[in-house]
Amino acid sequence: QAEEDGKGAMDFGPLLEGIEPYLADSDLALCNLETPVAAPGGPFKGYPMFSVPPSVIPALKDVGYDGCTTASNHSMDAGVPGVKRTLDALDAAGLVSTGSYRSEAEAAKPLIVEVGTARVAVIAGTFSLNGVAEDAPWRVDDIAKASLLSRAKAARAAGADIVMAALHDGAEYSSEPTASQITLNRSLADSGEFDFIYSHHSHSVLPIEKHQGTWIVYGLGNSVAKHATRTVLNQEGLTVKMQFVRTGKSWSPGKLAWAPHIMKQDPLRWCALPAADGEPCTTKRQDSASLKRTTDTVNSMNARTDGAKMWSLPQP
């Protein structure tokens, strides 16, 4: 699609542009870049070992992203050169990142982003590398509880006011979190070290839960992706806005809002639900079914009761 939109060049802008007003409504916008990038001329590869056009990265910057996590089960698909290329390309675009690293020293330094008067840390990790061996244990972050807690404490010690966990975990094409997901996420919330916890990997929307005062997003679904496995679940996704409130010198979680979306087909586009211009993303019936399914899934662990709301953009 990017090649068609760019008339031969790889232009990911039109595919992504629908999300731009949501990112503009945020102070810090983060994505998960699941796949490593290839050299500018390729070769580009799809499933099972990905290596994708690097032009997707400046397109992410152009629509308003500030950074991306890079820990996923595909982080090592292109080996160490792929990890380094991806991080170099993110740096070149002015995007912060965490989750995979070029050096041990880089891995030891927590990502802390200054957002207004707050210093926000992001702790990333993945459940798997699809059987590909790391050349070093620090190359890609994992989601072992002890590792996550140790890194969260290090971020606090380095001056972070807010610490978020971004976990690559879950069962693909499911509408429910796994038992291990629930156990890990709730234990991280109980630790008091994390102010917000969210996950990706399932390629399907999962519930949102407020546990002991901490919001947990079990699965964001897809932003933009296309799969050989044909199911509507992997066309759907969430973009979540988590607000934090300052009282004196301390910060605490505030309101959570979520925006449902779906991948529009032919041409492929990120498309908000319900479609803002009245034209359906897919068909009116399919859009309605996806919106209901997403809403029901999000609220299946009492998110609505606990205050989570659908994200409405401010009117122009």
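Residues numbered from 1 in each chain as written. Predicted model: local features only at pLDDT ≥ 70, side-chain atom pairs only at ≥ 80, totals over all residues. Heavy atoms only, no water.

## Points about the overall build of the protein chain
Note the cut-off: Numbering goes from the N terminus for both helices and strands, where a helix is a DSSP run of H or I of at least four residues and a strand is a run of E of at least two. Throughout, the radius of gyration refers to the C-alpha atoms, and the reference size of a globule is 2.2 Å times the residue count to the power 0.38. Exposure categories follow from relative accessible area, calculated using a 1.4 Å probe and restricted to protein chains: below 20% of the type maximum is buried, above 50% is exposed, and the middle band is partly exposed. When checking whether two residues touch, look at their non-hydrogen atoms; a contact exists if any pair is within 4.5 Å. As used throughout, the charge tally considers Lys and Arg to be positive and Asp and Glu to be negative, leaving His and the chain termini uncounted. The location of each charge is read from NZ of Lys, CZ of Arg, CG of Asp or CD of Glu.
Helices and strands together make up the secondary structure of the protein chain, namely 9 helices and 13 strands. The C-alpha radius of gyration of the protein chain comes to 19 Å, within 12% of the 20 Å expected for a compact globule of 316 residues. Structurally, the protein chain occupies a C-alpha span of about 50 × 45 × 40 Å along its principal axes. When each of the 316 residues of the protein chain is scored for burial, the buried share is 51%. Within the protein chain, counting contacts between residues at least 6 apart in sequence, those at least 24 apart form 66% of the total. Placing the 29 positive and 36 negative side-chain charges of the protein chain at their respective mean positions leaves the two points 4 Å apart.

## Remarks on the nonpolar core
Condition: Side-chain atoms within 4.5 Å link the members of a nonpolar core, which is a set of buried Ala, Val, Leu, Ile, Met, Phe, Trp, Tyr and Cys residues.
Of all hydrophobic cores here, the largest spans 38 residues; its most connected members are I57, L60 and Y65. Taken together, the elements giving at least two residues each to this core come down to α2 (13-16), α3 (20-24), α4 (56-63), α5 (79-93), β11 (250-264) and β12 (269-272). Excluding anything up to four places from it in sequence, Y65 contacts I19, L23, A29, L30, C31, L60, L95 and S223. Counting 25 residues, the second largest nonpolar core, distinct from the first, contains L111, V122, Y198 and L256.

## Points about the sheet that holds strand β8 (residues 208-211)
By definition, the strands of a sheet pair up through backbone hydrogen bonds, in either a parallel or an antiparallel sense. Short version of the rule: Here the rule is simple: two strands pair whenever DSSP picks up at least two bridges between them. Throughout, an axis means a line fitted to C-alpha atoms (over the contacting stretch in the case of helices), and angles, computed between N-to-C directions, take values from 0 to 180 degrees.
Strands sit in the order β4-β5-β6-β7-β9-β8 across an open sheet of 6 strands; the sheet is mixed. The strands lining the two open edges of the sheet, one partner per strand, are β4 (111-115) and β8. Averaged over all neighbouring strand pairs, the angle between strand axes comes to 20°, with direction disregarded. Summarising the sheet, strand β7 (residues 196-201) and strand β9 (residues 214-217) pair through 3 bridges and their orientation is parallel. Opposite I197, over in β9, you have I216 as the bridge partner.

## Description of α5
Three or four residues apart is the spacing at which side chains of an α-helix point the same way, because the helix has 3.6 residues per turn. Stated formally: Each residue after the first adds 1.5 Å to the expected span of a helix.
End to end, α5 covers 22 Å across 15 residues, agreeing with the expected 21 Å (1.5 Å per residue, within 8%). Listed in full, the buried residues belonging to α5 are V80, G82, V83, T86, L87, A89, L90 and A93. Residues of α5 that are buried in the fold lie against α4, β2 (67-69), β3 (96-98) and α6 (104-108). After α5 finishes, the residue G94 shows a positive phi value of roughly 80°.

## Some points on the side chain of E34
Test applied: Salt bridges are identified by distance alone: a Lys or Arg side-chain nitrogen within 4 Å of an Asp or Glu carboxyl oxygen.
For E34, the location among the structural elements is in the loop between β1 (30-32) and α4. This buried residue, E34, is left without a salt bridge; R230 holds the nearest opposite charge, at 16 Å. Setting aside chain neighbours within four positions, we find E34 in contact with S72, N73, H74, S75, H168, H201 and H203.

## Considerations on α4
To keep it simple, the criterion reads: What the arc describes is the spread of directions from the helix axis to the C-beta atoms.
Of all the residues in α4, the buried ones are V56, I57, A59, L60 and V63. When α4 is viewed along its axis, its buried side chains cluster within an angular range of 160° and face the same direction. Against the buried residues of α4 lie α2, α3, β1, β2 and α5. Note on α4: the residue one or two positions beyond its end, G64, has a positive phi of about 120°.

## Remarks on the sheet that holds β3
One open sheet accounts for 3 strands, arranged β1-β2-β3; its pairing is parallel. Where the open sheet ends on each side, the last strands, each with one partner, are β1 and β3. Across the sheet, the mean angle from the axis of one strand to that of its neighbour is 25°, orientation sign disregarded.

## Remarks on the side chain of D141
Along the polypeptide, D141 turns up in the loop between β5 (118-126) and α7 (145-157). Look past the residues within four positions of D141 in its chain and what remains in contact with it is A71, T98, G99, Y101, A124, G125, T126 and R151.

## Considering the pattern of salt bridges
Under the criterion given, the structure shown has 11 salt bridges. In this structure, K241 and D25 form a salt bridge, with 2.9 Å as the shortest nitrogen-oxygen distance. One end of the pair, K241, is in strand β10 (residues 236-247); the other, D25, is in the loop between α3 and β1, and 216 residues separate them in sequence. The exposure class of K241 is buried, given its relative accessible area of 18%. Across the pair R102 and E106 runs a salt bridge whose closest N-O atoms are separated by 2.9 Å. Taking the relative accessible area as the measure of exposure, R102 reaches 24% and is therefore partly exposed. Three or more residues joined by partner-sharing salt bridges are found here, namely D88, D91, R102 and E106.

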